[in-house]
Each structure stands twice: as structure tokens, then as C-alpha cells.
Amino acid sequence: MSVVVRTVTRLLLPAVVMFGAYVVMHGHLTPGGGFQGGAVIASAVALVVVAFGARRIRRHKETLSVLEDVGALAFVVLAFLGIGGTFFYNSLAGTGGLFGQEVAMGANPGALNTGGMLPLMNWAVGLKVLAGLGSIVLLMGLLGGDDDR
Amino acid sequence: MRWLRIAALLVVFGFLVGAAVWTRPFGAPQAMEMDEHFIERSQEEAAANNVVTAVLFDYRGFDTLGEATVLFAAVVGVALVLRRWAR
């Protein structure tokens, strides 16, 4: 792609990744969550593939693979942590520790330190979705005629 | 024959529009017990202000696990199909 596209991509990339991380992080408070934020970050991967060509980031295929594994395993492990109650029981909610702050009842904007398991699961699913969609885009970019080697 | 087709199309279209408009007013579902339960209890049961997240990761966590599995299957399928060219 041309210099214009590459420069704009360089400028835009941190903002896209940061917005995706924000959507994942505030999944238990605002609209969005792991799936949506992961898709936003995967769109950053697509931007890089379009602007710089897939071969430039081919070596990150392994990184994406590891991220996918970590996300999936973290999700299942977090689900098993609540096995004292039920599978997917929210065992961290309201314990006062990490993400365990008591939720104010009624309509309120909410605090980031609430939600128990939900933010952690959002992160796990976010990692998984970003790695999954990112590697799909990367594989398709590697398949296509890549004029920027 | 052509007019017959257009007439049939109009009849079906009118039936669909009528069904969409008259069967049930917008935003008034038939059964509301589950909705009310989620909206009222998600803060105390799941400790989340976002009811959608509470449903997604707490009440219906299995569903999300299945979705993650579907995504994984999609990635594996793409990798399988493209494995020879994308080396």
C-alpha cells in the first residue's frame, strides 16, 4: 500500500488497540465485552495486513496461537474455579478482593473493581477472540496475492 | 403469468408486514418473567451492572463456552484449508 495508508495506519494503530482494550476492560460496566473488544483489536491486525502485507507479520502467527491457547484455558479454568457452587459460578463476586467490591444497587454508573469473575472472563474471551480472528485474517492475507513482501 | 407472480409477491409481503405489525406490539414480549428476573437480580447475584455481561458469562456461561468453541473450530477450519498456501 501507499505511504499515505502506511502512515495513517501507524497513527491509528495505537488508538484502535487502546479502544479495543477499553471495550474489553469495561465489559462488565458498558456495552461491549470480550467478544466485541477482541474483534476491535483483530481489526487492528487486519489493518496491518492490509497496509503492510501479511508477510511482514508472519512470524507473529505463533504469538497469536499462544494467545488463543491462553485465552481458552483461562476461560475454562475460571469457569472451573466456581465449581464449588456450579460450573461458571461467580465465586469472586462480593468477596472484597480482586474485582470483589460490593455493587451499589439500583441504577448507577458502576465501579471498575466490581463483577467478580466477569472482568477476568472478559479478558480471557477477549484474548481468545483477538487471537482467533487475527489468525484467520493473517492466514487469509498469507494466502492472497501479497504485493508488499 | 407475470401479474400472477407479482400479486403473489404482494400478498406474501403484505402478510409479513401485517404479521410484524399486528401480532404483538413492539417491546411487549409474551413472557417477561425471565427478563424481569435478570434485570432485577443481576446486580446482587452476578455483581455486574451490565445485565448483558451477567447473562453472557454467569447465567449462560455454557453458551459462551460453546461460542468460543465455535470460534476455535472456525480458526482450525481456515488453517486446515489454507495450510498449503500459507506456509
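The following paragraphs examine the structure supplied in this document. (Residues numbered from 1 in each chain as written. Chains lettered and ligands numbered in written order. Predicted model: local features only at pLDDT ≥ 70, side-chain atom pairs only at ≥ 80, totals over all residues. Heavy atoms only, no water.)

1. What to know about the overall build of chain B
Reasoning step 1: For chain B, the helix and strand inventory stands at 4 helices and 0 strands.
Reasoning step 2: Starting at the N terminus and walking to the C terminus, you meet the elements of chain B as α-α-α-α.
Reasoning step 3: Compactness check: chain B gives a C-alpha radius of gyration of 23 Å against a globular reference of 12 Å for 87 residues, more than 25% above the reference.
Reasoning step 4: Along the three orthogonal principal directions, the C-alpha set of chain B runs to about 55 × 55 × 15 Å.
Reasoning step 5: A buried classification covers 24% of the 87 residues belonging to chain B.
Reasoning step 6: Only carbon and sulfur atoms are counted for the fraction: they give 68% of the accessible area of chain B, which is about 6,700 Å².
Reasoning step 7: Counting 8 positive and 9 negative side-chain charges, chain B places the averaged centre of each group 27 Å from the other. (Helix = DSSP H or I, 4+ residues; strand = E, 2+ residues; numbered from the N terminus. Rg over C-alpha atoms; globule rule 2.2 N^0.38 Å. Buried < 20%, exposed > 50% of the residue type's maximum accessible area, 1.4 Å probe, protein only. Areas by Shrake-Rupley, 256 points an atom, 1.4 Å probe, with all protein chains shown as cover. Lys, Arg positive; Asp, Glu negative; His and termini not counted. Charge placed at Lys NZ, Arg CZ, Asp CG, Glu CD.)

2. Considerations on the overall build of chain A
Reasoning step 1: Check the secondary structure of chain A and you find 4 helices and 0 strands.
Reasoning step 2: Projecting the C-alpha coordinates of chain A onto the three principal axes gives extents of approximately 55 × 30 × 20 Å.
Reasoning step 3: Classification of the 149 residues of chain A by burial places 42% in the buried group.
Reasoning step 4: A separation of at least 24 residues holds for 70% of the contacts in chain A among residues at least 6 apart in sequence.
Reasoning step 5: Summed over its atoms, the accessible surface of chain A is roughly 7,400 Å², and 72% of this surface lies on carbon and sulfur atoms.
Reasoning step 6: A gap of 10 Å separates the mean positions of the 9 positive and 7 negative side-chain charges of chain A. (Contact = heavy atoms within 4.5 Å.)

3. Topic: helix H3 (residues 51-59) of chain B
Residues and elements named next belong to chain B.
Reasoning step 1: Where H3 is concerned, the buried positions are Thr 53, Ala 54, Phe 57 and Asp 58. Along the axis of H3, the buried residues cluster in a sector spanning 100 degrees; they form a single face.
Reasoning step 2: Capping the start of H3 is the job of one residue whose side-chain oxygen sits 3.2 Å from the backbone nitrogen of Val 52: Asn 50. (Arc of directions from axis to C-beta. Polar contact = N/O pair within 3.5 Å; in protein donor to acceptor, adjacent residues only side chain to side chain.)

4. Some details on helix H4 (residues 117-143) of chain A
Residues lying three or four places apart along an α-helix face the same way, a consequence of the helix completing one turn every 3.6 residues.
Reasoning step 1: The end-to-end C-alpha distance of H4 of chain A is 39 Å, a good match for the 39 Å that 27 residues give at a rise of 1.5 Å each.
Reasoning step 2: Extensive coverage of H4 of chain A is indicated by the burial of 20 of its 27 residues. (Expected span 1.5 Å × (residues − 1).)

5. Here we look at the nonpolar core
Reasoning step 1: Grouped together as the largest cluster of nonpolar side chains are 16 residues, with contacts concentrated most on Phe 75, Phe 88, Met 121, Val 125 and Val 129 of chain A together with Phe 57 of chain B.
Reasoning step 2: Looking at this core, the elements that each hand over two or more residues are helix H3 (61-81) and H4 of chain A together with H3 of chain B.
Reasoning step 3: Considering each element in turn, this core owes the most residues, 6 residues, to H4 of chain A.
Reasoning step 4: If we ignore the near neighbours within four places in the chain, the residues touching Phe 88 of chain A are Phe 75, Ala 79 and Met 121 of chain A together with Phe 57, Asp 58, Gly 61, Phe 62 and Leu 65 of chain B.
Reasoning step 5: Formed by 11 residues, the second largest nonpolar core is a distinct cluster that contains Val 45, Phe 52, Ala 54 and Ala 131 of chain A. (Core = buried A, V, L, I, M, F, W, Y, C linked by side-chain atoms within 4.5 Å.)

6. Description of the interface of chain B and chain A
Reasoning step 1: Across the contact, 27 residues belong to chain B and 39 residues belong to chain A.
Reasoning step 2: When the buried area of chain B at its contact with chain A is split by residue, Asn 49, Phe 57 and Leu 71 of chain B rank highest and sum to 23% of it.
Reasoning step 3: Taken together, the links from chain B to chain A amount to 4 residue pairs in polar contact (both at pLDDT 80 or more).
Reasoning step 4: For the side of chain B that touches chain A, the secondary-structure elements that each account for two or more residues are helix H2 (33-46), H3 and helix H4 (61-81) of chain B.
Reasoning step 5: With 12 residues, H4 of chain B is the largest single contributor of residues to the side of chain B that touches chain A. (Buried area = accessible area lost by both parts, 1.4 Å probe.)

7. Looking at the packing of aromatic side chains
All names here are of chain B.
Reasoning step 1: Using the criterion set out here, one finds 3 aromatic pairs over all chains in the structure.
Reasoning step 2: With centroids separated by 4.6 Å and ring planes inclined at 45 degrees, the aromatic side chains of Phe 38 and Tyr 59 adopt a geometry described as tilted. Of this pair, Phe 38 sits in helix H2 while Tyr 59 sits in helix H3, and the two are 21 residues apart along the sequence. (Phe/Tyr/Trp six-rings, centres within 6.5 Å; stacked < 30°, edge-to-face > 60°.)

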